[in-house]
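# Observations on the model geometry
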Amino acid sequence: KELKKKFPLFSGATEATCLLAEGEMLFLPAGWFHEVCSLAGDKGHAAFNYWFQPPDAASFAKPYSRSMWEEDIAARPIGA
């Protein structure tokens, strides 16, 4: 109940799935929850996290002290 109060929109969240081919990569914004499943078989795989701009604020809800990322995302057309 406490989590539902704190995160009321979570119950309406939907998953997004993508399949990457060899040599491709996926960018996830800072703080996004994600789960990885490898289908590489005997070839193996490599996964790493790299913060191009590391979070500099104490809040998980707002990981950056400046609004640059919010402004950048807001300026993009939906579906870009």
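Above this text sits the structure in question.
As the structure is a prediction and not an experimental result, all values here were calculated from the model. (Residues numbered from 1 in each chain as written. Predicted model: local features only at pLDDT ≥ 70, side-chain atom pairs only at ≥ 80, totals over all residues. Heavy atoms only, no water.)

Attention now goes to the overall build of the chain. A tally of helices and strands in the chain yields 2 helices and 0 strands. For the chain, the residues scored as buried account for 2% of the 80 residues in total. Carbon together with sulfur atoms contributes 61% to the accessible area of the chain, which is approximately 8,300 Å² in total. (Helix = DSSP H or I, 4+ residues; strand = E, 2+ residues; numbered from the N terminus. Buried < 20%, exposed > 50% of the residue type's maximum accessible area, 1.4 Å probe, protein only. Areas by Shrake-Rupley, 256 points an atom, 1.4 Å probe, with all protein chains shown as cover.)

Turning to a nonpolar patch on the surface, a few remarks are in order. A cluster of nonpolar side chains, contributed by L20, L26, L28 and W32, occupies part of the molecular surface with about 380 Å² of accessible area. Here L26 shows up in the loop between helix 1 (2-6) and helix 2 (68-75). Classification of L26 by relative accessible area gives partly exposed; the value is 45%. (Patch = residues over 30% accessible without salt bridge, like charges linked within 9 Å, V, L, I, M, F, W, Y side chains within 5 Å. Salt bridge = Lys/Arg side-chain N within 4 Å of Asp/Glu carboxyl O.)

Such coordinate-based values are descriptive only and should not be taken to indicate function.
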